[in-house]
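# Architecture and fold: a report
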Amino acid sequence: MSVVSPIREHLVTGGKTYHDVTEDICRHVEAKPTKEWKVAFAISVLVLLYGGSWVLWTWWEGLGVWGLNKTVGWAWDITNFVWWVGIGHAGTLISAILLLFRQKWRTSINRAAEAMTIFAVLCAASFILMHMGRPWLAYWALPFPNTFGSLWVNFNSPLVWDVFAISTYFSVSCLFWFIGLIPDLATIRDRATGVRKSIYGALSLGWTGGAKTWARYEDVSLILAGLSTPLVLSVHTIVSMDFATSVIPGWHTTIFPPYFVAGAIFSGFAMVQNLMLVTRVVYKLEDYITLEHISLMNKIITVTGSIVGVAYITEFFIAAYSGVEYEKYAFFNRAAGPLWWSYLAMMTCNVLSPQIFWFKSMRENIVVSFVIAVVVNIGMWFERFVIIVTSLHRDYLPSSWTYFTPRMGDIGDYLFSFGFFFTCFLLFSKFLPVINMAEVKSVLKSSSEKNSKQ
Amino acid sequence: MAHKHEIPSLDESFDFSPALRKKLIISAIIGVAMVALGAFLLNNHMSIGVWSSGHGAEHGAADAHANGEHHGATLFSRIIGNIWMNSVYFLGISVVGVFFLSYNYVAKAGWYTSFKRVPEALPSFIIVPAIIMLGLFLVPSSREVIFHWAHHGVMDPASENYDKIIAGKSWYLNFGFFLVRMVSYFAIWYYLWTQIRKYSLLEDENNDIYFYNKSRSYAKMFLIFFAVTSSTAAWDFSMSIDTHWFSTMFGWYHLASWHVAGLATIMLTILLLKDHGYLKSVNFSAIHDLGKLMFGFSIFWAYVWFSQYLLIFYANLPEETIYFRERLSGYDGRYFAPFIINIVLNFVFPFLILMARESKRNMIFLKLACGSILMGHWFDFYQMQMPGIAKDQGGIGIIEWGTTLTFASMFIYFVANQLSKANLVAKNHPFLEESLHHEI
């Protein structure tokens, strides 16, 4: 017997029945695309094409189209990579960790968050390919027995660990997402006719909806959740080690692994918040993605933002405490050097702005939630930029100190990733159910307005 | 879902019998006697224990000199080191009681409600380590033994003990500021606990959501304060012992150690109370969930431990690696075994024994895991603090066993006493029903 305390908020409002859930979600998959969708899709594709041409130009011309120089050898490329990987984390967090913690509110947002994860990881991977210069040799990153002599990848390098961690993570995320889709695909199959029936039928892998299949579905979900939880931690841990294993002041700091993971969840939740707020309005899903959901996501944004804040303070404190001149200078330079504005942006966007959510009225205000989520993502981009560029541009040798200015190549390639991300997300939201119908139905009895009022 | 389960009576009060009180007081006294005996024996070049001080003193002295130490360690250092280390360890277990309650209040968790009186009782012990630690800090001779930065003349350019790097930290590590920090940690942690506790007890008398909301507000305040002070306390109480060394991870590593030890204490207390016929309403689903937290946070501890170690190992900067060098091979290798035991008891053993579902529902397996974690984190604090305090005089023997016995007896006394003061189940908690019917 499962009891839900009367003081808990409802997760599904509007007195929905099981059938209503099916109707409300399937409607968007089955109907013709709306005008708004077509406009949004056209813009995304245009951005993708424009950015894509810059990516091709980057490969044709070489990395000289970026603003890198001899001192700053890593800038927007790795910033964008870390930013996108970080955003990807929220999907796995919502689907795996919140599943392990039995958080029922995850059911309305897990599907879109997982899709977002996959697209974000692909965007991140695109920057790896871009900066390789010769992308057709990308498979050299894999440790395969080869005929080039005894060449192997450098197993001591965290960049190689990244290849393993991210490719594993990507595979498990896809699997998780697809397994979660099967019951819903079967629902669509059962309502469809013609070619659509065959396509959704093939995708639903002969799902019958019997007791046995459900039991297996739940087992697999739990196993995958158990696997993805350490994976999601490992990915950003290793990304942080790309920096922390070095001896560059501002990069070599032991707190990086958990601090990067917290930051990743932080920015990921902000992105989920943005996407869900738009989807909610466009698809009229206010009864499923309720103010309670928005408020809970805002709470997670505040917690993770504050954890990141504690890490910022710790880094600063230890730099001052360490007595190491280079460390001290690296942090002084971050806050007061020529790139002070990026540091200020990072601090205000990431640590201060989410504190507004201590007020319930702000947490449940849709406009404020949307704006802060955007601000957080800007802040998290600047966090990576601050870590990477401010630590590099004034290195050990003052004669090579310099400044970094992005060029069109940097901007164009970044635009490409946005175009790619939104094109994929729009396709997903048109052709697949954006909310996990089966799982929402599973909490309907315990957490919907209608049933608990009986 | 079909079966009906009986909910046992929620009126339970723990009887802290005079016989048990007497036993605990006697064992605390025995602990003190053991330390005295150990000290007496060592003074006469004898010892009972695994490692003894004194052997290889010449090497130790050479090491100490090489590391720029300014004073040699003595038997007194070892005893003071023990008292400090146990104080910090038991302080952590106590304060994790409030931490556990606070994050569960703030997250609106329901599952833990049936046993929430157990974590609620732990923080009553905060005052004992608080008094002991303040005493050790205020007395100059023990302060100088514990903290390198408190050595006479270390910050005075005219002194032969002058250390430029340590003098550069005087803005943070100075008597006044350190004392203010210590007092504020103890006072505010304790005060916020008393408030959460007060409203929780009032809730037993009055069925009103007001009391829950009050407790929750104090829980928020605690979390905000603890977010910062859990790290600063780690720097102060443990990291500043090895004054030259620094690591940004240290705060969270220290917290991870405190936290999982606190979870193991909560679990062990529940299991022992159940053995004696109390807490009948705590079902196996709740215990299973607490077991998962122990499992998860043992891994989390290993994660932060490993991340810190790997990054320092990899970058190989001498000012950082010295910390591990001292533990792996310094002082005649006397800290090597505790260093390894730490990893085995805190990660390997709990990881393997708690992995299977059924083991998190098996009293014996859980007790083994609790024992391993509690002993393991004792070793964790041992290897964090003793190399810096006891140096070449460190050992594990009757002195360590005695000090720990005294602390553990006092801790159990305080917790048992606190448990006996209120009903063992928080009767009117708004999530109690969820917890009583918790099923996973």
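Residues numbered from 1 in each chain as written. Chains lettered and ligands numbered in written order. Predicted model: local features only at pLDDT ≥ 70, side-chain atom pairs only at ≥ 80, totals over all residues. Heavy atoms only, no water.

On a plain count of helices and strands, chain A comes out with 16 helices and 0 strands. Judged by the C-alpha coordinates and their principal axes, chain A covers about 75 × 55 × 40 Å. When each of the 454 residues of chain A is scored for burial, the buried share is 56%. The contacts in chain A between residues at least 6 apart in sequence include a share of 81% that link residues at least 24 apart. Accessible area for chain A stands at about 18,800 Å²; split by element, carbon and sulfur atoms hold 71% of it. Across chain A, 33 positive and 28 negative side-chain charges occur, with their mean positions spaced 7 Å apart. (Helix = DSSP H or I, 4+ residues; strand = E, 2+ residues; numbered from the N terminus. Buried < 20%, exposed > 50% of the residue type's maximum accessible area, 1.4 Å probe, protein only. Contact = heavy atoms within 4.5 Å. Areas by Shrake-Rupley, 256 points an atom, 1.4 Å probe, with all protein chains shown as cover. Lys, Arg positive; Asp, Glu negative; His and termini not counted. Charge placed at Lys NZ, Arg CZ, Asp CG, Glu CD.)

Our next topic: the confidence of the model for chain B. Residue and element names in this part refer to chain B. The predicted model of chain B has a mean per-residue pLDDT of 91, with 94% of residues at 70 or higher. The weakest mean pLDDT in chain B belongs to helix 2 (residues 57-66) at 43; the strongest belongs to helix 5 (residues 127-138) at 97. Contacts of residues 54-70 to residues separated by more than four positions or lying in other chains number 27 contacts, the stretch itself having pLDDT below 50. Interface confidence in the predicted complex, given as ipTM, is 0.93; pTM for the same model is 0.93. (pLDDT = per-residue confidence, 0-100.)

Residues and elements named next belong to chain B. The interhelical angle for the contact between helix 3 (residues 75-106) and helix 9 (residues 209-237), taken along N-to-C directions, is 145°, at an axis separation of 8 Å. The two elements helix 3 and helix 9 meet at a crossing, and its hand is left-handed. Each of Trp84, Val88, Leu91, Val95, Val98, Phe99, Ser102, Tyr103, Tyr105 and Val106 in helix 3 lies in contact with helix 9, whose residues at this interface are Tyr212, Ser215, Arg216, Ala219, Lys220, Phe222, Leu223, Phe226 and Phe237. The residue makeup of the contact of helix 3 with helix 9, split by class, is 15 nonpolar, 2 polar and 2 charged. (Axes fitted to C-alpha atoms, helices over the stretch in contact; angles between N-to-C directions. Left-handed = near helix turned anticlockwise from the far one by under 90°. Nonpolar A, V, L, I, M, F, W, Y, C, P; charged D, E, K, R; others polar.)

So, about the interface of chain A and chain B. Contact residues are listed per partner, giving 40 residues for chain A and 49 residues for chain B. Summing both partners gives a buried area of about 3,800 Å² for chain A against chain B, and 69% of it is carried by carbon and sulfur. Joining chain A to chain B, the criterion identifies 2 salt bridges. Remark: the boundary between chain A and chain B carries 16 residue pairs in polar contact (both at pLDDT 80 or more). Mapped by element, the contributors of at least two residues to the side of chain A that touches chain B are helix 5 (158-191), helix 7 (211-244), helix 8 (256-282) and helix 9 (291-322) of chain A. If one sorts the elements of the side of chain A that touches chain B by residue count, helix 9 of chain A sits on top with 11 residues. (Buried area = accessible area lost by both parts, 1.4 Å probe. Salt bridge = Lys/Arg side-chain N within 4 Å of Asp/Glu carboxyl O. Polar contact = N/O pair within 3.5 Å; in protein donor to acceptor, adjacent residues only side chain to side chain.)

Where a protein is soluble and globular, its nonpolar side chains tend to be buried together. Within the largest apolar cluster, 253 residues are counted, with the highest numbers of intra-cluster contacts made by Trp84(A) and Trp84(B). Broken down by element, the residue count for this core peaks at 16 residues, all from helix 3 of chain B. With near-sequence residues (within four places) excluded, Trp84(B) lies in contact with Met133(B), Leu136(B), Ile146(B), Phe147(B), Met182(B), Phe237(B), Ile241(B), Gln385(B) and Ile389(B). Formed by 6 residues, the second largest nonpolar core is a distinct cluster that contains Val35(B), Ala39(B), Leu42(B) and Ile398(B). (Core = buried A, V, L, I, M, F, W, Y, C linked by side-chain atoms within 4.5 Å.)

This brings us to the pattern of salt bridges. Scanning the model with the defined rule gives 25 salt bridges over all chains in all. A salt bridge links Asp287(A) to Lys16(A), with the shortest nitrogen-to-oxygen separation between them at 3.4 Å. In this pair, Asp287(A) is assigned in the loop between helix 8 and helix 9 and Lys16(A) in the segment before helix 1 (18-30), connecting sequence segments 271 residues apart. Judged by its relative accessible area of 24%, Asp287(A) falls in the partly exposed class. Arg197(B) is paired through a salt bridge with Glu120(B); the nearest N and O atoms lie 2.8 Å apart. Placement of the pair is Arg197(B) in helix 8 (residues 175-205) and Glu120(B) in helix 4 (residues 117-121), with a sequence separation of 77 residues. Pair check on accessibility: Arg197(B) and Glu120(B) agree, each one buried. Salt bridges linked by common partners bring Lys116(B), Arg117(B), Glu120(B), Arg197(B) and Asp204(B) together as one network.

On to helix 2 (residues 35-61) of chain A. Three- or four-residue spacings in an α-helix give side chains the same orientation, since the helix completes a turn every 3.6 residues. All names here are of chain A. Under the 1.5 Å per step criterion, the end-to-end length of helix 2 is 39 Å for 27 residues, consistent within 8% with the ideal 39 Å. Within helix 2, the full set of buried residues consists of Trp37, Ser44, Leu48, Gly51, Gly52, Trp54, Val55 and Thr58. Those residues of helix 2 that are buried are in contact with helix 4 (110-132) and helix 14 (408-431). (Expected span 1.5 Å × (residues − 1).)

Let us now look at the side chain of Glu439(A). Residues and elements named next belong to chain A. Note that Glu439 resides in helix 15 (residues 437-447). Of the residues examined, Glu439 reaches a relative accessible area of 13% and is grouped as buried. Looking at Glu439, its side chain comes within polar contact range of the side chain of Arg106, at 3.1 Å. With residues near it in sequence (within four places) discarded, Glu439 still touches Arg106, Thr107, Asn110 and Tyr217.

As a further point, take the environment of Val45(A). With respect to the helices, strands and loops of the structure, Val45(A) is situated in helix 2. Put simply, Val45(A) and Phe418(A) are 373 residues apart on the chain and 9.9 Å apart in space, counted from C-alpha to C-alpha.

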